[in-house]
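# Examination of the molecular architecture
What follows is the residue order along each chain.
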Amino acid sequence: MDRVDNAIFLSDSVIEAKQESELLFVDKQNKLGSQIISLVDPKNDNLLLNNPVELAYVIISPSLVKTNEFVYVLDDFYRSKFIVSAMKKRSVNREELQTIFRDMIPRLHSLDVLEQEFKRGDAVILALEKVKAIESCSQLIG
């Protein structure tokens, strides 16, 4: 299938995951923060836990959400022993796409093409927890 129809975003690092948490899981209307417990020390961006448990953020494109095929993606994460710490269904606007995909535009993605995809409807945003979550997600997603 088309790369954009299967568009999935994944945090590149723990520091980026912290920034993306604030962007994606904060309710802008009433300024409520996310329900996610931070695993990162705000003073030095180090993990607070001894084992390398991380949060990875994944955005599932509206095409998969519209057809309900995103449940198969969730199933893959469950079978790979990820814990879904948070899940939210919402629209993602151009400004957010530009922030999220900043290191991939224009090298891998066109912002205009991404925006058209994300105008189709709501995306599903996942916060996944696991030891070495970002590395494990990268291997699973490819």
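Everything discussed here concerns the structure shown above.
Residues numbered from 1 in each chain as written. Predicted model: local features only at pLDDT ≥ 70, side-chain atom pairs only at ≥ 80, totals over all residues. Heavy atoms only, no water.

## Some points on the overall build of the chain
Threshold: Helix numbers and strand numbers start at the N terminus; a helix is a DSSP run of H or I with at least 4 residues, a strand a run of E with at least 2. Any residue under 20% of the maximum accessible area for its type is buried, any over 50% is exposed, and the rest in between are partly exposed; the area is computed with a 1.4 Å probe on protein chains only. Any two residues having at least one pair of non-hydrogen atoms within 4.5 Å are treated as being in contact. Per-residue accessibility takes into account occlusion by the displayed protein chains alone, with areas from the Shrake-Rupley method and a 1.4 Å probe.
Assigned secondary structure in the chain consists of 6 helices and 4 strands. Counting only residues that meet the buried cut, the chain has 42% of its 142 residues in that class. Within the chain, contacts between residues separated by at least 24 positions form 77% of all contacts whose residues are at least 6 apart in sequence. In the structure as shown, the chain presents an accessible area of about 8,300 Å², 51% of it carried by carbon and sulfur atoms.

## Some thoughts on unusual backbone geometry
Look at Asn 68: it is not a glycine, yet its phi comes out positive at around 65°. Counting through the fold element by element, Asn 68 comes out in the loop between α2 (62-66) and α3 (70-79). Judged by relative accessible area, Asn 68 falls into the partly exposed class, the value being 48%. The backbone of Lys 132 sits at a positive phi, close to 50°, despite the residue not being glycine. Mapping Lys 132 onto the fold places it in the loop between β4 (123-131) and α6 (133-141).

## Here's the deal with the nonpolar core
Quick note on the threshold: Residues belong to one nonpolar core when they are buried, are Ala, Val, Leu, Ile, Met, Phe, Trp, Tyr or Cys, and are joined through side-chain atoms within 4.5 Å.
Residues Val 58, Ile 60, Phe 70, Phe 77, Leu 126, Leu 128 and Cys 137 are the most contacted members of the largest nonpolar core, which totals 17 residues. At the level of secondary structure, the elements contributing two or more residues to this core comprise β2 (53-60), α2, α3, β4 and α6. The dominant element in this core, judged by the number of residues it contributes, is α3, at 4 residues.

## Quick word on the pattern of salt bridges
So the rule is basically this: Salt bridge, as applied in this entry: a Lys or Arg side-chain nitrogen positioned within 4 Å of an Asp or Glu carboxyl oxygen.
Overall, the coordinates contain 7 salt bridges when judged by the stated rule. We note a salt bridge from Arg 79 to Asp 75, for which the minimum N-O separation is 3.1 Å. On the criterion of helical spacing, the pair formed by Arg 79 and Asp 75 is a turn pair, its members being 4 residues apart in helix α3. When the shortest N-O distance is used, the salt bridge between Glu 96 and Arg 90 registers 3.1 Å. The residues Glu 96 and Arg 90 share a single accessibility class, namely buried. What you see here is one network of salt bridges that share partners, running through Arg 94, Asp 112, Glu 115 and Lys 119.

## Quick word on helix α5 (residues 111-118)
Applied cut-off: This arc describes the spread of directions from the helix axis toward the C-beta atoms.
For α5, the set of buried residues is Leu 111, Leu 114, Glu 115, Glu 117 and Phe 118. For α5, the angular spread of the buried residues around the axis is 160°, confining them to a single face. Lining the buried residues of α5 we find β2, α2, α4 (94-100) and β4.

## Side note on the environment of Asn 93
Basically, it comes down to this: Counted as a polar contact is a pair of N or O atoms within 3.5 Å, where, for protein atoms, one must be capable of donating a hydrogen and the other of accepting one, and residues adjacent in sequence contribute only when both atoms are in side chains.
One can find Asn 93 in the loop between β3 (83-90) and α4. Within the local environment of Asn 93, its side chain forms a polar contact with the backbone nitrogen of Glu 96, the two atoms lying 2.8 Å apart.

## Considerations on helix α1 (residues 14-24)
Residues of α1 that are buried include every one of Val 14, Glu 16, Ala 17, Glu 20, Ser 21 and Leu 24, and no others. Here the buried residues of α1 occupy an arc of 145° about the axis, which is enough to place them on one side.

## So, the packing of aromatic side chains
Working definition: an aromatic ring pair is given by the centre-to-centre distance plus the angle between the planes. Threshold: Any two of the Phe, Tyr and Trp rings considered here, Trp counted by its six-membered ring, make a pair once their centres fall within 6.5 Å; the pair's planes then place it as stacked at under 30 degrees, edge-to-face at over 60, or tilted in between. The rule for a charge over a ring is simple: NZ of Lys or CZ of Arg within 6 Å of the ring centre, and within 35 degrees of the ring normal.
Considering all chains together, one arrives at 1 aromatic pair under this definition. Relative to Phe 82, the ring of Phe 77 lies with its centre 5.3 Å away and its plane at 85°, an arrangement referred to as edge-to-face. What makes Phe 82 buried here is its relative accessible area of 4%. Directly above the ring of Phe 82 sits Lys 130, whose terminal nitrogen or CZ lies 4.5 Å from the centroid.

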